[in-house]
Amino acid sequence: MGQLRRGNLPAELASFVGRGAELRQLRRSLESHAAVTLTGTGGVGKSRLARRAAAEMGRAFPDGVWFVELDDVTDGALLPATVLQSLGLRDDGAPAEERLVEQLRPLRALLLLDGCEQVAEPCAALVSRLLAKVPGLRVLSTSRRPLRITGEAVLPVAPLPVPDPDTDDLRPAALARCDAVSLFVDRAAAVRPGFALTDANSASVARICHRLDGLPMAIEFAADRLDVLSEEQLAERLDDAERLLVTGKRGAPERQRTLHALIASSHRLCSPGEQTLWARLAVFTGRFELGAVEQVCSGGPVAESEVFDLVAGLVDKSVLSRDEHPGGTWYRLPRLLRDHARGSLVGPEEWLRLNERHAEWCGRLAEDATPGLLTPRTDSWAAKIRGNHANIHHALAFCLTDGDNPRAALRLASSLWYYWLITGHVGEGRAWLERGLRASADPSPERARALAVAADLAINDRDSAAATELEAQLVAAQQQERPALAGHLDFAGGVFATQRGDLVGARALFESALGEFRASDDLMGTSKTLWNLSLACIWNGDTAQGLCYTDEFTRTFGGQGDNWGTSAVHWAQAHARLHDGDAQGALAALTAGVILTRRLDDHFGMGWWLQLGAPVLAVNGRHADAALVLGATRSHRVFALPVLDTLRTRCADDVRTLLGDRRFDELAARGARLSLEEAVDVVVERHPTDDADPSHGGEDAALSKREWEVAELVAKGHTNKEIAASLVISTRTAEGHVRRILDKLGLLSRAQIAAWMTGSPRRAR
C-alpha cells in the first residue's frame, strides 16, 4: 500500500499557457462529480489540461494522483491489468479488477485515465465498477468521446482562441493577449531563443494560429518548424500542413509525432458511415447546420435518414464541434480535418458532384431567405445567411472556376442583394457580380438581373462611374429581356433617376416596377419598390401619397411583426413627418427604426439613419447630438442622393449657427471618431454629448443588456470573432461593443473587463 500513496503523475516539462477558465471549471467538476471526462478533438490539449488540474489538486487527494496512459491499449480485456501496472502492482494471478478494488478501497485518490477513446466501452465499464466499490475514488478521463456512465460530468475542451488576421488588431501588444499566439511564442522561443512578437512578424503569427484553428498540438508542431523556416515562410506553407507539421521530440506517443498520425487516429475511431460523411463534409467551409448536411451529403451509402445519427457520432468522437446559437445548432469541421478529407478521402469525381450539390443548396438558401426577411423570422434568416457566409463564398468561387457555371454564380450573387447591403459587404457583392458578368457576357435573364443588382450596389457604394457604365448595359438588357425581368429593370431605372434628382421620372419607373412585381408575386421586389416609391413621392412634396405607400407596406408585410422592411418604412415615415413639420412624429419614427436596425445588425440601414438622424435631432432641439451625428457621416460611407445632401448641408449650417463654430467643430470631431453603431446609438441608447467625458465612465457607468452579454463573453476569454459567432452579430459590431465597454468603464484592456466583471454586481439598465 505504501507505493500507492506516492502517486505517479508525470512532471510537466513544458510551460502551461492559458486555459484559466477551463481549469477552474474542471476543479469545480472534480469536487462535485466522481467521474469527469475531458473530450475534444485530437491535439486540443486534453491531456495537458488534465495533468495540470491533477497537479494543482494534489492536496485534495492525500493518497495520491495516479496517471494511466492508454495510447497503446487497443484490447479492452487488457485494461484492468494496464491500470494495475500503472499503480506499480505486479500481476500475481488474481483477477486484476479485484486487486484494483482491494488496493484502492481505503484510499482517497484520483485516477487519471489518459486517451480512453480506443477502449471507451471497457473504460466505461471499469470506471463504473470501481466507483461503485471505492467511495473515496475520483476518476478523471481524457477521450475524444464521452464514457457515458451514470454521474459523469463531460467537459468539452475547445481549441485556443485565435486572432482573425482580417479584422482583429494585429499589433504585438494586442496579439499577446490571445492564448493561441502566447502558446506559439512560448514554444517558438524554445526553438529559436530570443523569439518575440514584433511589428514585422505579428501578422504572420496571427495567420499561422488562425490557419491552425487554435489547435495547441498543431501550433506546437508549427513552432518546431521555425528551426528551418521563418514565420513568413511557415505561414505561406501551411496549405500543406498535414505533411509539414511533424515533431522530432522523443518520447511522444506515435499518434502525436505527426499531424497526419493524429488525424488518422481520429479517422480509425469512426464507423464506415461516419468516415464517408466526414469525407463529404469537407465541401462545407466554416459553420453548417444539420439540414444542409442532409441535403448536400446524403445519397449512396449515406441515406438522408441516417445523417442525424452519423453527425451525432462525429460530434461524439470530437470530429465535429457543436455550437449553440440563438437560431439553433451549428457544426464545424476543423480546417485540418477538412483538408485531410479533401486530400485523402474524396476522389475528384465525387468532389465535383459534392460542390455542385453544395452550390445548388446555397442558391436555394439565398432564394428562400429573401422573402424570409419580410416575416417575423427576419432575425433567424439573417443569422442563417451570415452564418453561411463562408459557404456562400465557396459556392460562388466554385461556380466561377471548377464548376464553369457563371449563370449559377450570377443567380446566387443577385439573390443576395439584401445580404450584401445589410451586412456591409457591398464591396464583396459587387466583386462577385463583376466576376460573373465578365464570365457570362451573352444576354440572359441571369445577366440582366445581375446588372440591375450590381447597379444598385454601385450607387449604394457611391461609385458613380461604375453605376453609369452599368446603366448603359441595362438599357440594352431592357430591350432583350422584357417582360420576364421588367420589374428588376424598371426598379434599377428608378434608382438611377433618383440618383440624378429626377424624382418625377423615378416615381413613374417605380410605379411600373411595382405593378410588375405584384403580378409576379415577388415579395421582396414589391416591398423594396413600395419603400422607394414612397420616398420619391415624399421628396417630391406629395407626403400624403408617400404615406399611402408606407401604409400599404404595413398592411402587406408589417402585420406579421417587425422585419427588415419595417425599418425601411420607419425611415420613409420619419422623412414625411419631418417634411410636414411634425418634429415629435419624426423622432418617434426615427427611434423605432434605429432600434429595429440595431437589433437586426443592419449596416446599410444604420447608414441611412445617420443621414436622417441629424436633421430630426436638430428640429427636436438636440443640437449637440445632431452635431455628433453630422461628424459621424464624415467617417462612414453613407448613401449619397442630392435631396439628402441638401438636407444634411442645411442642417449643418443651422446647427453651426446655434452652437457656434468652436462647439460645433469639437462635437463633429468627436462624432467622426464614433463607430457606425455608436453613432446611431446617439439617438436611443446613450448620449456622448454630456459635459462629462464619455470615455471615463468609471465603475458606475451602466452597460446596456447587449454590452453585458459581450462583457460576460470577454470575461470568459472569447475573442471578438467568437463573440460575434455566439451573439450572431458581425465581428466589427463585436469590436464596437468592446470599445464602448472600455470607454464606459474607463478601462484599458480586455483583462480589466474580466476583472471588473468578477468583482462587480450587475448594473445593466
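Just so we're clear, the structure is a prediction, and the values are computed from it rather than from any experiment.

The rules behind the values
- Residues numbered from 1 in each chain as written.
- Predicted model: local features only at pLDDT ≥ 70, side-chain atom pairs only at ≥ 80, totals over all residues.
- Heavy atoms only, no water.
- Helix = DSSP H or I, 4+ residues; strand = E, 2+ residues; numbered from the N terminus.
- Buried < 20%, exposed > 50% of the residue type's maximum accessible area, 1.4 Å probe, protein only.
- Contact = heavy atoms within 4.5 Å.
- Areas by Shrake-Rupley, 256 points an atom, 1.4 Å probe, with all protein chains shown as cover.
- Core = buried A, V, L, I, M, F, W, Y, C linked by side-chain atoms within 4.5 Å.
- Salt bridge = Lys/Arg side-chain N within 4 Å of Asp/Glu carboxyl O.
- Pairing = 2+ DSSP bridges.
- Axes fitted to C-alpha atoms, helices over the stretch in contact; angles between N-to-C directions.
- pLDDT = per-residue confidence, 0-100.
- Parallel < 35°, antiparallel > 145°, perpendicular 65-115°, else oblique.
- Left-handed = near helix turned anticlockwise from the far one by under 90°.
- Nonpolar A, V, L, I, M, F, W, Y, C, P; charged D, E, K, R; others polar.
- Phe/Tyr/Trp six-rings, centres within 6.5 Å; stacked < 30°, edge-to-face > 60°.
- Lys NZ or Arg CZ within 6 Å of the ring centre and 35° of its normal.
- Expected span 1.5 Å × (residues − 1).
- Arc of directions from axis to C-beta.
- Right-handed = clockwise from strand over helix to strand, strands pointing away.

Q: Just give me the short version of the overall build of the chain, but keep the residues and values in it.
A: Each helix and strand counted, the chain has 39 helices and eight strands in total. The buried share of the chain, reckoned over its 765 residues, is 56%. Of all intrachain contacts in the chain linking residues separated by at least 6 positions in sequence, the fraction that spans at least 24 positions is 71%. Summed over all atoms, the accessible surface of the chain reaches about 31,800 Å², with 49% contributed by carbon and sulfur.

Q: Requested: an account of the environment of Leu 644, with residues and values cited.
A: Summarising the element assignment, Leu 644 is placed in helix α33 (residues 642-659). Leu 644 gets classed as buried once you look at its relative accessible area, which sits at 2%. For the pair Leu 644 and Trp 608, spaced 36 residues apart in sequence, the C-alpha to C-alpha distance is 9.8 Å.

Q: Let's hear about the nonpolar core: which residues, and what values?
A: Among the nonpolar cores identified, the biggest contains 206 residues, and Phe 184, Leu 212, Leu 245, Leu 281 and Tyr 418 are the most heavily contacted of them. The contact partners of Leu 245, leaving out residues within four places of it in the chain, are Leu 212, Ala 218, Phe 221, Ala 222, Arg 225, Leu 238, Thr 258 and Leu 259.

Q: Now, about the pattern of salt bridges: what can you tell me, with residues and values included?
A: Applying the stated criterion across every chain, the model contains 28 salt bridges. The shortest N-O distance in the salt bridge between Asp 316 and Arg 148 comes to 2.4 Å. Of this pair, Asp 316 sits in helix α15 (residues 307-316) while Arg 148 sits in the loop between β4 (137-143) and β5 (152-156), and the two are 168 residues apart along the sequence. Given a relative accessible area of 17%, Asp 316 falls into the buried group. The exposure class of Arg 148 is exposed, given its relative accessible area of 61%.

Q: Can you explain the sheet that holds β5? Please cite residues and give values.
A: Reading across the sheet, the five strands line up as β2-β3-β4-β1-β5 and stay open at both edges, with parallel pairing between neighbours. Unpaired on one side and paired on the other, β2 (65-69) and β5 mark the two borders of the sheet. Along the sheet, successive strands turn relative to each other by an average axial angle of 15°, direction set aside. Where β2 meets strand β3 (residues 109-114), five bridges bridge the pair, whose relative direction is parallel. Considered in β3, the bridge of Trp 66 is made with Leu 111. Docked against the sheet, helix α3 (residues 79-86) engages β2 and β3, running at close to 135° with respect to β2.

Q: I'd love a proper account of the confidence of the model for the chain, names of residues and values included.
A: The share of residues in the chain with pLDDT of 70 or more is 89%, and the mean pLDDT across the chain is 84. Scored below 50 in pLDDT, residues 1-5 makes 16 contacts in the model with residues more than four places away or belonging to other chains. When the criterion is pLDDT under 50, residues 761-765 qualifies, and its contacts beyond four places in sequence or with other chains add up to 16 contacts.

Q: Before we move on, could you go through the sheet that holds strand β7 (residues 321-325) and cite the residues and values that matter?
A: Within a sheet, each strand pairs with its neighbour through backbone hydrogen bonds, oriented either parallel or antiparallel. Across the sheet, three strands lie side by side as β6-β8-β7; this open sheet has antiparallel pairing. A strand with exactly one partner marks an edge of an open sheet, and here the two such strands are β6 (287-288) and β7. By the bridge criterion, five bridges tie β7 to strand β8 (residues 328-332) in an arrangement that is antiparallel. Each residue of the ladder has a partner; that of Asp 323, found in β8, is Trp 330.

Q: Break down the packing of helix α36 (residues 705-715) against helix α37 (residues 720-727) for me, with residues and values.
A: With their axes 10 Å apart at the nearest point, α36 and α37 run at an angle of 130° to one another. Relative to α37, α36 is oriented oblique. As for how α36 packs across α37, the hand of that crossing is right-handed. Each of Arg 706, Glu 709, Val 710, Leu 713 and Val 714 in α36 lies in contact with α37, whose residues at this interface are Ile 723, Ser 726 and Leu 727. Here the contact of α36 with α37 is built from residues that sort into five nonpolar, one polar and two charged.

Q: Describe the packing of aromatic side chains, and please don't skip the residues or the numbers.
A: Two aromatic rings are characterised by how far apart their centres lie and by the angle between their planes. According to the stated counting rule, one finds nine aromatic pairs in the structure shown. Ring geometry for Phe 491 and Phe 510: centres 5.5 Å apart, planes at 55°, overall tilted. Placement of the pair is Phe 491 in helix α25 (residues 486-500) and Phe 510 in helix α26 (residues 503-519), with a sequence separation of 19 residues. Taken together through their ring pairs, the aromatic side chains of Trp 531, Trp 539, Trp 571 and Trp 608 make up a single cluster. Of note, Arg 287 hangs over the ring of Trp 330, and the distance from its end group to the ring centre comes to 4.7 Å. The positively charged end of Lys 384 is found above the aromatic ring belonging to Trp 381, 5.8 Å away from the centroid.

Q: Before we move on, can you summarise the environment of Thr 733 with the specific residues and values?
A: Here Thr 733 is to be found in helix α38 (residues 731-745). Under the relative-accessibility criterion, Thr 733 is labelled buried at 2%. Separated by 57 residues in sequence, Thr 733 and Leu 676 have C-alpha atoms that sit 8.7 Å apart. Once residues within four sequence positions are removed from consideration, Thr 733 is found in contact with Asp 601, His 603 and Glu 677.

Q: Give a description of the side chain of Thr 142 that names residues and reports values.
A: Checked against the element boundaries, Thr 142 lands in strand β4. A relative accessible area of 1% places Thr 142 in the buried class. Discounting chain neighbours no more than four positions away, the residues touching Thr 142 are Leu 38, Lys 46, Ser 47, Ala 50, Leu 113, Asp 114, Gly 115, Cys 116 and Glu 117.

Q: Now, about the environment of Ala 711: what can you tell me, with residues and values included?
A: Relative to the assigned elements, Ala 711 resides in helix α36. Along the primary structure Ala 711 and Ile 741 are separated by 30 residues, whereas in three dimensions their C-alpha atoms are 7.4 Å apart. Ignoring any residue separated from it by four or fewer positions in sequence, one finds Ala 711 in contact with Leu 703, Ile 741, Ile 753 and Met 757.

Q: Give a description of the packing of helix α7 (residues 179-191) against helix α9 (residues 216-224) that names residues and reports values.
A: One way to put it is that α7 packs onto α9 with a least axis distance of 8 Å and a crossing angle of 35°. Judged by the twist between their axes, the crossing of α7 over α9 is right-handed. Contacts between α7 and α9 involve Ala 180, Leu 183, Phe 184, Arg 187, Ala 188 and Val 191 from the former and Pro 216, Ile 219, Glu 220, Ala 222, Ala 223 and Asp 224 from the latter. Of the residues contributing to the contact of α7 with α9, the split by class is nine nonpolar, no polar and three charged.

Q: So what about helix α34 (residues 661-672)? Which residues, and what values?
A: The first and last C-alpha atoms of α34 sit 16 Å apart over 12 residues, in line with the 16 Å expected at 1.5 Å per residue. Within the span of α34, buried status applies to Phe 664, Leu 667, Ala 668, Arg 670 and Gly 671. Each buried residue of α34 sits inside an arc of 160° when the element is viewed along its axis, so together they form one side. Contact partners of the buried residues in α34: α32 (623-635) and α33.

Q: For the pairing of β3, give the residues involved together with the corresponding values.
A: Across the six residues that make up β3, a large majority, six, are buried. Along β3, one buried face is formed by Ala 109, Leu 111 and Leu 113 and the opposite face, lined by Leu 110, Leu 112 and Asp 114, is buried too. When β3 meets β4, the two strands line up parallel, connected through six bridges. Paired with Leu 111 across the bridge in β4 is Val 139. Viewed along the sheet, the connection from β3 through helix α5 (residues 120-133) into β4 turns out right-handed.

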